[in-house]
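Okay, here's what each chain looks like letter by letter:
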Amino acid sequence: MTDQMSLRDYFAARFAAALMTATSADSDLPNLDYRREAGGPTLAERVAAIAYRLADAMLLAREDRAALASAPQCCMCGKTGLSTVEGDGGSECQLSDGRWTCSFECWERATEPAPPSPP
Ligand SMILES: [Zn+2]
């Protein structure tokens, strides 16, 4: 990947290459100027449109994963979608070690000292 290319272009190029390989497996390189319908898009335009659609879907999936990874999660019950805005009246609470709890119950469980081990 080069610096001049956006990640979207890079993904699209990869998908386009895969598409062209798939369509040209048993023949010569496809004619990029070929139009299936008169006045319709050329093969190049169709491949580019599909490639960018796939690239966008891939980027969206990456963003979703990144958002999920950075979203706070209750360290006790695993609840996500916590409100992390200070003073908004929510029951969420961040512990001094950076973990989050969703409710007073979870906060109590997270902060109570470990029970003494039986003798
Ligand atoms: Zn919880």
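**Q** What's the story with the overall build of the protein in this structure? I'm lost.
**A** Helix and strand counts for the protein stand at 3 helices and 2 strands. Put simply, the protein has 119 residues, and 11% of those count as buried. Long-range pairs, those at least 24 residues apart, make up 47% of the contacts in the protein between residues at least 6 apart in sequence.

**Q** I tried to follow the confidence of the model for the protein on my own but got confused; where do I start?
**A** Reading predicted coordinates in detail is not appropriate for stretches of low pLDDT. Per-residue confidence for the protein gives a mean pLDDT of 83, with 85% of residues at or over 70. Confidence scores differ between elements of the protein, with helix α1 (residues 7–23) showing the lowest mean pLDDT of 85 and helix α3 (residues 104–111) the highest of 92.

**Q** It is not clear to me how the nonpolar core should be interpreted in this structure. Could you clarify?
**A** The nonpolar side chains of a soluble globular protein tend to be buried with one another. The biggest cluster of nonpolar side chains holds 6 residues, and these are F11, A12, F15, V47, A51 and A55. Of all the secondary-structure elements, those providing two or more residues to this core are α1 and α2 (43–70). Contact partners of F11, with chain neighbours within four places excluded, come to A55, M58 and L59. In terms of nonpolar packing, the next biggest core, distinct from the first, is built from 5 residues, C74, W100, C102 and C106 among them.

**Q** Just checking my understanding: could you explain the environment of A16 for this structure?
**A** Structurally, the position occupied by A16 is in helix α1. As for A16 and A44, which are separated by 28 residues in sequence, their C-alpha atoms are 9.3 Å apart. Setting aside its immediate chain neighbours within four residues, A16 contacts V47, A48 and A51.

**Q** Sorry, what's going on with the environment of L43 here?
**A** Of note, L43 is situated in helix α2. You can call L43 partly exposed: it has 17 C-beta atoms within 10 Å. Taking C-alpha positions, L43 is 7.3 Å from N31, a pair spaced 12 residues apart along the chain. Apart from residues lying up to four places away in sequence, L43 is in contact with P30, N31, L32 and Y34.

Conventions we followed
Residues numbered from 1 in each chain as written. Predicted model: local features only at pLDDT ≥ 70, side-chain atom pairs only at ≥ 80, totals over all residues. Helix = DSSP H or I, 4+ residues; strand = E, 2+ residues; numbered from the N terminus. Buried ≥ 20, exposed ≤ 12 C-beta atoms within 10 Å, placed from the backbone. Contact = placed C-beta atoms within 7 Å. pLDDT = per-residue confidence, 0-100. Core = buried A, V, L, I, M, F, W, Y, C linked by C-beta atoms within 7 Å.

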